[in-house]
Amino acid sequence: MTSVTARTSAPAAGTTPGAAQAPPPTAGRPPLRRRIALLPTAALLLGAAYCLLPVAWVVVAATKSGRELFSTFTFLPGTGFTRNIADLHAYRDGIYWRWMGNSAFYAGFGALLSTAVSAVSGYALALYRFPGREAVFKVLLAGVLMPPVILAVPQYLLLAKADLTDSYLSVLLPLLLSPYGVYLARIYAAAAVPADVVEAARMDGAGEWRVFTRIGVPMMVPGLVTIFLFQFVAVWNNFLLPYIMLGDDEKFPMTLGLYTLLAQGSNTPALYTLVITGALLALLPLIALFLFIQRFWSLDLLSGAVKS
């Protein structure tokens, strides 16, 4: 009995005799750490609601007829969605789809060319040493901070001198060089393309272009996909540059075409439903593109590591 009592009365292993025991948590109240963790979650939920509420309004408003749009509750679905699509398709012999095709051309081809220029420029700035490299990079950083509205008028004047305004090139050419895309490509190339791999390829007799296309580009794919997505979204939503450069509505992108419809809606309220329905349909290509290229980002995790 004495030994049993001694064992049971001995302090537990790893504890200091006489040390104060931690008080139990207050019943009915969550721990402080959990209460603090709820604050970022609440902030994210508020941000998500702020971003998604306009989208939800567009989705609901596109289902309403012209009469229902101004006479029913904001988030109450209507009965005119199919009619709105039919009216949008019939408006001026389906010019909306021409605008949509123009936007796809400007955004797809322009983003592809801009990504190629960004890849070459960022790779060169990251892996080559030449006089003035840092000065060029600082100029590009200044270009990132430059608002596009400041460059729109000089670009128009330059293209007007070349007699290229009101053409597809007047929208595509200013998009070729993206300072932000070059910046991202430079940062990603410096992190993803090891210098010793490039030197080994050169020692094996590979030329600089082959090193770039066979080694640099495959390692930079996740970064280039991100640049392409950013450029595509920026060009797809671009309004100011086409507004300044273009005069023929057959060459308008979707944003500028919907603006003309909205301007006419002040005299013809029935066009408001076409604008809302067109805005909803314009979101679908962006969602599809994001879902499609999302799988390419996983390549960053699957790309093999190179041991130095």
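The model shown is predicted, which means the values in this text are computed figures rather than measured ones. (Residues numbered from 1 in each chain as written. Predicted model: local features only at pLDDT ≥ 70, side-chain atom pairs only at ≥ 80, totals over all residues. Heavy atoms only, no water.)

Draft legend 1. Representation of the overall build of the chain. The helix and strand inventory of the chain stands at 15 helices and zero strands. Within the chain, the proportion of its 308 residues that are buried is 31%. Entry remark: accessible area of the chain is about 19100 Å², with carbon and sulfur atoms responsible for 69%. (Helix = DSSP H or I, 4+ residues; strand = E, 2+ residues; numbered from the N terminus. Buried < 20%, exposed > 50% of the residue type's maximum accessible area, 1.4 Å probe, protein only. Areas by Shrake-Rupley, 256 points an atom, 1.4 Å probe, with all protein chains shown as cover.)

Draft legend 2. Region of the structure containing helix α6 (residues 133–145). For α6, which comprises 13 residues, the first-to-last C-alpha distance of 19 Å matches the rise-based estimate of 18 Å (1.5 Å per residue) to within 8%. For α6, the elements touching its buried residues are α5 (95–127) and α9 (179–192). (Expected span 1.5 Å × (residues − 1). Contact = heavy atoms within 4.5 Å.)

Draft legend 3. Geometry of the layout of surface pockets. Taken as a whole, the largest pocket encloses approximately 710 Å³ of empty space. The wall of the largest pocket is formed by 22 residues, among which P148, P174, L175, L177 and P179 lie closest to the centre. Within the residue set of the lining of the largest pocket, elements represented by two or more residues are α6, α7 (148–161), α9, α11 (208–236) and α12 (240–245). Within the lining of the largest pocket, the residues separate by chemical class into 17 nonpolar, five polar and no charged. (1 Å grid on protein atoms, 1.4 Å probe; cavity = no way out; pocket = protein on both sides within 12 Å on 5 of 7 lines; lining within 4 Å. Points joined across faces, edges and corners; volume = space filled by probe spheres on them. Nonpolar A, V, L, I, M, F, W, Y, C, P; charged D, E, K, R; others polar.)

Draft legend 4. Layout of the packing of α6 against α9. Put simply, α6 and α9 touch, their axes get as near as 8 Å, and they point 130° apart. Taken together, the axis directions place α6 and α9 in an arrangement best described as oblique. In this structure, the crossing between α6 and α9 has a hand that is left-handed. Two secondary-structure elements touch here, α6 through R133, E134, F137, L140, L141, G143 and V144 and α9 through P179, Y180, V182, Y183 and R186. The residue makeup of the contact of α6 with α9, split by class, is eight nonpolar, one polar and three charged. (Axes fitted to C-alpha atoms, helices over the stretch in contact; angles between N-to-C directions. Parallel < 35°, antiparallel > 145°, perpendicular 65-115°, else oblique. Left-handed = near helix turned anticlockwise from the far one by under 90°.)

Draft legend 5. Inspection of the pattern of salt bridges at higher detail. Summed over all chains, the structure comprises seven salt bridges. E134 is paired through a salt bridge with R133; the nearest N and O atoms lie 3.1 Å apart. Overall, the relative accessible area of 37% leaves E134 in the partly exposed class. With its nearest N and O atoms 3.7 Å apart, the salt bridge here joins E134 to R186. With E134 in helix α6 and R186 in helix α9, this pair connects stretches of sequence that are 52 residues apart. Residues joined in a network through salt bridges with shared partners are R133, E134 and R186. (Salt bridge = Lys/Arg side-chain N within 4 Å of Asp/Glu carboxyl O.)

Draft legend 6. A look at the side chain of S103. Tracing the chain through its elements places S103 in helix α5. Beyond its immediate stretch of four places on either side in the chain, S103 contacts G108, W236, P253, M254 and T255.

Draft legend 7. Representation of the nonpolar core. Y96, F232, W236 and L261 are the most contacted members of the largest nonpolar core, which has 35 residues in total. With eight residues, helix α14 (residues 271–293) is the largest single contributor of residues to this core. Setting aside residues no more than four positions away along its own chain, W236 makes contact with M100, S103, A104, A107, M254, T255, A282, P285 and L286. Residues Y188, V193, V211 and I215 belong to the second largest nonpolar core, which totals 16 residues. (Core = buried A, V, L, I, M, F, W, Y, C linked by side-chain atoms within 4.5 Å.)

Draft legend 8. Spotlight on the UniProt feature "transmembrane region" (unreviewed entry) in the chain. Taking the numbering used here, the UniProt-annotated feature "transmembrane region" (unreviewed entry) corresponds to residues 36–60, 104–127, 139–159, 171–194, 215–236 and 270–293. Between the first and last C-alpha atoms of residues 104–127 the distance is 34 Å; the span itself is 100% helix and 0% strand. (UniProt positions renumbered as here; feature names shortened; annotations may be inferred.)

Draft legend 9. Molecular detail of unusual backbone geometry. One non-glycine residue, D163, lies in positive phi territory at about 60°. We classify D163 as exposed; its relative accessible area is 66%. Positive phi outside glycine occurs at D166, with the angle close to 60°. Checked against the element boundaries, D166 lands in the loop between α7 and α8 (168–172).

Draft legend 10. Local environment of the packing of α11 against α14. Axis separation between α11 and α14 bottoms out at 11 Å; the angle between their running directions is 180°. Here α14 runs roughly antiparallel to α11, going by the angle between their axes. Residue-level contacts link V225, F228, L229, F232, V233 and W236 of α11 to A282, P285, L286, L289, F290 and I293 of α14. Its residues placed into classes, the contact of α11 with α14 shows twelve nonpolar, no polar and no charged.

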